Amino acid sequence: MHVVCPGSFDPITNGHVDIIERAAAQFDQVTVLVTFNPNKHGLFSVEERCDLIRKAVEHLPNVDVDSWNKLLVDYTTEHQISALVKGLRSSLDYAYELPMAQMNRSLSGIDTLFLLTTPKFGHISSTLCKEVARYGGDVSGLMPDHVIAAMQEKFSE
């Protein structure tokens, strides 16, 4: 079964890596899909995000990385993807993800499978990590080391 783990990944955190690793253990093929809105500018470009993800998951032979700027269901249809895999940190994530999962199902029939975040990663978000790092806080253990280095470089520019 081929699944997609979609997200903005601006940038990837250890919580994301945990979900991807767990999906890779359950499914034959996992595509980490960087989805983005061309009207919004993240800290990292889409290409930079993809590169950071590739390095973070290079130990997983059944994981690849791609990007998409249209409807997610168009990607899944075009690439014959069986399901979406999303991580949930809390009931707030569930409330946010549920309508999208239902819309995706109504548009294309694709199912969304939710994995509960490992408790030690439940408080981690890209947004919070960027905010802490921007002001010189320590995000070690929350993100892969190469991502922390890339963020520090961005913030020093």
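The model shown is predicted, which means the values in this text are computed figures rather than measured ones.

**Some remarks on the pairing of strand S2 (residues 29-35)**
Item 1. Counting buried residues along S2, five of its seven residues qualify, which places the element largely inside the surrounding structure.
Item 2. Pairing analysis gives six bridges linking strand S1 (residues 2-7) to S2, with the strands arranged parallel. Residue Gly7 lies in a different strand from S2, and its bridge partner there is Val34.
Item 3. Once the chain exits S1 it traverses helix H1 (residues 14-26) before rejoining the sheet at S2, and the crossover so formed is right-handed.
Item 4. Bridge count between S2 and strand S3 (residues 63-68): six bridges; the pairing is parallel. From the neighbouring strand, Leu33 faces S3, where its bridge partner is Asp66.

**Details of the UniProt feature "site: Transition state stabilizer" (unreviewed entry) in the protein chain**
Item 1. If you check UniProt for "site: Transition state stabilizer" (unreviewed entry), the listed places come out as His16 in our numbering.
Item 2. By the secondary structure assignment, His16 is in helix H1.
Item 3. With near-sequence residues (within four places) excluded, His16 lies in contact with Phe9, Pro11 and Ser126.

**Considering unusual backbone geometry**
Item 1. The residue after Asp10, namely Pro11, is reached through a cis peptide bond having omega -5 degrees.
Item 2. By secondary structure assignment, the location of Pro11 is in the loop between S1 and H1.
Item 3. One non-glycine residue, Phe9, lies in positive phi territory at about 50 degrees.
Item 4. For Phe9, the location among the structural elements is in the loop between S1 and H1.

**Regarding the state of the cysteines**
Formally, a disulfide is one covalent bond, and it connects the sulfur atom of one cysteine to the sulfur atom of another.
Item 1. Taken as a whole, this structure holds zero disulfides when the rule is applied.
Item 2. Unpaired in terms of disulfides, Cys50 finds its nearest cysteine sulfur in Cys5, a separation of 14 Å.
Item 3. The exposure class of Cys50 is buried, given its relative accessible area of 5%.
Item 4. A disulfide-free cysteine, Cys129 has its sulfur positioned 18 Å from the sulfur of Cys5, the nearest such atom.

**Observations regarding the sheet that holds strand S4 (residues 83-88)**
Item 1. With parallel pairing, the five strands of this open sheet are ordered in space as S3-S2-S1-S4-S5. The sheet terminates laterally at S3 and strand S5 (111-116), the two strands that pair on one side only. With strand direction ignored, the average angle separating the axes of adjacent strands in the sheet is 30 degrees.
Item 2. Across two bridges, S1 lies against S4 in parallel orientation. By the bridge assignment, Val3 is partnered in S4 with Ala83.
Item 3. The strands touched by H1 within the sheet are S1, S2, S3, S4 and S5, with S5 carrying the most contacts at an inclination of about 120 degrees.
Item 4. Helix H4 (residues 91-108) contacts S4 and S5 of the sheet and is inclined by roughly 170 degrees relative to S4.

Cut-off values and rules
- Residue positions are given per chain, counted from 1 along the sequence in the order it is written.
- Local features are withheld for residues below a pLDDT of 70 in this predicted model, meaning they are given only at 70 or higher, and side-chain atom pairs are given and counted only at 80 or more; totals for whole chains, interfaces and linings count all residues.
- Only heavy atoms go into the side-chain values, all of them from the structure, while hydrogens and water stay out.
- For every residue, the accessible area (1.4 Å probe, protein chains only) is compared with the maximum for its type, and the residue is labelled buried under 20%, exposed over 50%, or partly exposed between those bounds.
- Strands are runs of DSSP state E lasting at least 2 residues, helices are runs of H or I lasting at least 4, and numbering of each runs from the N terminus.
- A pair of strands counts as paired when DSSP detects no fewer than two bridges linking them.
- Look down the strands so they point away from you; if the path from the first strand over the helix to the second goes clockwise, the crossover is right-handed.
- UniProt positions are given in the numbering used here, feature names are shortened, and annotations may be inferred rather than shown by experiment.
- Note on definitions: a residue-residue contact is assigned when non-hydrogen atoms from the two residues lie within 4.5 Å.
- To count as a disulfide, a pair of cysteine sulfur atoms needs to be within 2.5 Å.
- Note on definitions: angles span 0 to 180 degrees between N-to-C directions of axes, and those axes are lines fitted to C-alpha atoms, for helices only across the stretch in contact.

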